[in-house]
Amino acid sequence: MKTILENFPGRKGLPIVGEFLNIAKQGIRFFENEKEKYGEVYKFRMPTGMVVGFFGEKSAIELLKNDGNIVNIGNATKDLVGPIYPNSIMLMDGAQHKKDRSILMEAFKKQALQEYIQKLPTIIHKTINEIRGNKVVEVYPLFKTLTLRIAGKLFFGIEDEAFIKKINEAITPMGKAMVSIPLNIPGMVYHKGLKGRKYLSKEFLKLVPEKRKNPGADFFSKLCLASNEEGETFTDEAIVDHLLFLYQAAYDTTSWAMSYLVYNLSKHKEWQDKMRAELNDLVLEELDLKTILGLEVSMMIFNESMRMAPSVPLTIREANVDIKVDEKITIPKGTKIWVSMAMGMRNPKHWKNPEIFDPTRFDIEREEHKKCPHAFLPFGAGPHQCMGRVFAEIIVKMMMTSILQEFKLSVPNDYVLPISEFPIMRPKDGLPTIFEKI
Ligand code: HEM
């Protein structure tokens, strides 16, 4: 493999860190620049070794859908995700993945979603209460608190604020550790992530016997009782790892998506007014799934926000077989491959003036997202497609209902949101937003 990759287009990169610091600094721009220099398929070095970026037009959807089983996710993520979330769904392929995913999907079926919708208003009101009276609100930490509370209550059955704070402190470095330089040295992100994992898994493992004995309505209890047709159940460790991963998967992604939406609404007042008009007469306590999914204007605005800066800009796989790209290039079996969802969502071939915020591209007359099957992938595609897509939509629409009914949002005219695009999108500041009472 080494010899073949040596002939690959792309940079050799620095030993150990490779392009890590460049990518951390430049985000998606790094990959776009490399694409201009080397073409759609090129190599670059990461701390875990040499990687091939497979950034072609159709390649993202082909690799994500994985017809023909040409790639796996387990080997691709085991060095990064493995130590932090062993047993998690992001490490699984094939039959094992299918089995565990089908049990986890219980948490996102219609009935479960309907139950969440009934529980969300209390958490949303509590979170909004805390910011009343503040003229400027840092929305990113606000939304992180909200999603932690939601996941804590609905998945784990936890409402103790002191514990939720500790979860936050532990889980933040865990997310960063998955894409850091994997050196277990005190002070390094990776070390903090492992420490966070040790703490959380110890705390949650302690709760398993009680959940098995006296199950509640939360998902933790459901997983403790879950079994497949053969009567197999999850081990205690698997239950905790699955839940911790769900927590992680929900947390940063939804917080970013909502923050960037608030930023766009603050910059584009006409769209803020349109979204408010759609949400203004709703009563949170009376909402049901059908009504929420039918909020079309809000969906167009949310989609456009995710198109411009998706929470998960890229993901990784490993080649199961030699993948022939063209006459000259074959990606050898065993190569780690990076796939970008973000690049297709900014490609002028699919999107008119992609750099402009314009939700009408999602309306029924234009439907730019339907013109090409691989252009719009904020939630991925194929077997590992996001399990929480509808849940995220529910959280965003309900929280925005509460905010927009009460506040006008704005940022100073000269404010430009500083974004860190790698490993996942997040604002470099807290996104200070002016909340003016209506
Ligand atoms: C706006 C919010 C969200 C975005 C943009 C998002 C995006 C994604 C993407 C792109 C993937 C696929 C990764 C890959 O193929 O490697 C994914 C997977 C996943 N997401 Fe989300 N996500 C969001 C919210 C959530 C929420 C709220 C949950 C759970 C409560 C969740 C749970 C998961 C899980 C469990 C997976 C792994 C599925 C599997 O491997 O089978 N996500 N997400």
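Okay, so let's go over this structure. Quick caveat: nothing in here was measured; it's all calculated off a predicted structure. (Residues numbered from 1 in each chain as written. Predicted model: local features only at pLDDT ≥ 70, side-chain atom pairs only at ≥ 80, totals over all residues. Heavy atoms only, no water.)

Helix and strand counts for the protein come out as 16 helices and twelve strands. For the protein, the C-alpha radius of gyration of 22 Å lies close to 22 Å, the compact-globule estimate for 438 residues. Each principal axis of the C-alpha distribution contributes one length, and for the protein these read about 65 × 55 × 45 Å. A burial count over the protein gives 54% of its 438 residues as buried. Residue pairs at least 24 apart in sequence account for 72% of intrachain contacts in the protein once pairs closer than 6 positions are excluded. Summed over all atoms, the accessible surface of the protein reaches about 19,700 Å², with 54% contributed by carbon and sulfur. Charged side chains of the protein number 61 positive and 55 negative; the gap between the two group centres comes to 4 Å. (Helix = DSSP H or I, 4+ residues; strand = E, 2+ residues; numbered from the N terminus. Rg over C-alpha atoms; globule rule 2.2 N^0.38 Å. Buried < 20%, exposed > 50% of the residue type's maximum accessible area, 1.4 Å probe, protein only. Contact = heavy atoms within 4.5 Å. Areas by Shrake-Rupley, 256 points an atom, 1.4 Å probe, with all protein chains shown as cover. Lys, Arg positive; Asp, Glu negative; His and termini not counted. Charge placed at Lys NZ, Arg CZ, Asp CG, Glu CD.)

With that settled, consider the packing of aromatic side chains. All told, the structure shown has 28 aromatic pairs when counted by the stated rule. When the ring of Phe156 is compared with that of Phe220, the centres are 5.6 Å apart and the planes differ by 85 degrees; the resulting orientation is edge-to-face. Note that Phe156 is positioned in helix α8 (residues 139-156) and Phe220 in helix α11 (residues 219-225), a separation of 64 residues in sequence. Across the pair, Phe220 and Phe156 agree in class, each one buried. Through a chain of ring-to-ring contacts, the aromatic side chains of Phe30, Phe31, Tyr38, Tyr42, Phe44, Phe55 and Trp338 assemble into a single cluster. Here the basic side chain of Arg307 rests over the ring of Trp351, its NZ or CZ set 5.3 Å away from the ring centre. Positioned above the aromatic ring of Phe407, the side-chain terminus of Lys437 is 5.7 Å from the ring centre. (Phe/Tyr/Trp six-rings, centres within 6.5 Å; stacked < 30°, edge-to-face > 60°. Lys NZ or Arg CZ within 6 Å of the ring centre and 35° of its normal.)

Between helix α7 (residues 110-131) and helix α16 (residues 389-406), the shortest axis-to-axis distance is 10 Å and the interhelical angle comes to 40 degrees. Considering how the two elements wind past one another, α7 and α16 form a crossing that is right-handed. When α7 is examined against α16, the residues Leu113, Tyr116, Ile117, Leu120, Pro121, Ile124, Thr127 and Ile128 are found in contact with a partner set consisting of Val390, Phe391, Ile394, Met398, Met399, Ser402, Ile403 and Glu406. Of the residues in the contact of α7 with α16, the class split is 13 nonpolar, two polar and one charged. (Axes fitted to C-alpha atoms, helices over the stretch in contact; angles between N-to-C directions. Left-handed = near helix turned anticlockwise from the far one by under 90°. Nonpolar A, V, L, I, M, F, W, Y, C, P; charged D, E, K, R; others polar.)

Next up on the list: the coordination of the iron atom of the ligand. For the iron atom of the ligand, the protein supplies a single donor, Cys386 (SG), at a distance of 2.3 Å. Counting through the fold element by element, Cys386 comes out in the loop between β8 (336-340) and α16. (Donors = N, O, S within 2.8 Å, 3.2 Å for Na, K, Ca; no water.)

The next subject is the pairing of strand β2 (residues 49-54). Counting buried residues along β2, six of its six residues qualify, which places the element largely inside the surrounding structure. Pairing analysis gives six bridges linking strand β1 (residues 41-46) to β2, with the strands arranged antiparallel. Following the sheet pairing, Arg45 is matched in β2 by Met50. Taking the residues between adjacent antiparallel strands as the criterion, β1 and β2 are bridged by two residues. (Pairing = 2+ DSSP bridges.)

Core analysis: the largest hydrophobic core is formed by 126 residues, its most contacted members being Phe155, Phe204 and Met400. In terms of nonpolar packing, the next biggest core, distinct from the first, is built from 20 residues, Met46, Val51, Leu80 and Ile181 among them. (Core = buried A, V, L, I, M, F, W, Y, C linked by side-chain atoms within 4.5 Å.)

With that settled, consider the side chain of Ser420. Structurally, Ser420 is set in strand β10 (residues 419-420). Apart from residues lying up to four places away in sequence, Ser420 is in contact with Met425, Arg426 and Lys428.

Further remarks concern the packing of helix α10 (residues 189-213) against helix α12 (residues 236-267). At their nearest, the axes of α10 and α12 sit 9 Å apart, and the two run at 120 degrees to each other. On the basis of the axis angle, α10 is oblique to α12. Of the two possible hands of crossing, α10 and α12 adopt the one that is right-handed. Packed against α10, whose contacting residues are Arg197, Leu200, Ser201, Phe204, Leu205, Val208 and Arg212, the element α12 presents Asp236, Glu237, Ile239, Val240, Asp241 and Leu244 at the interface. Here the contact of α10 with α12 is built from residues that sort into seven nonpolar, one polar and five charged. (Parallel < 35°, antiparallel > 145°, perpendicular 65-115°, else oblique.)

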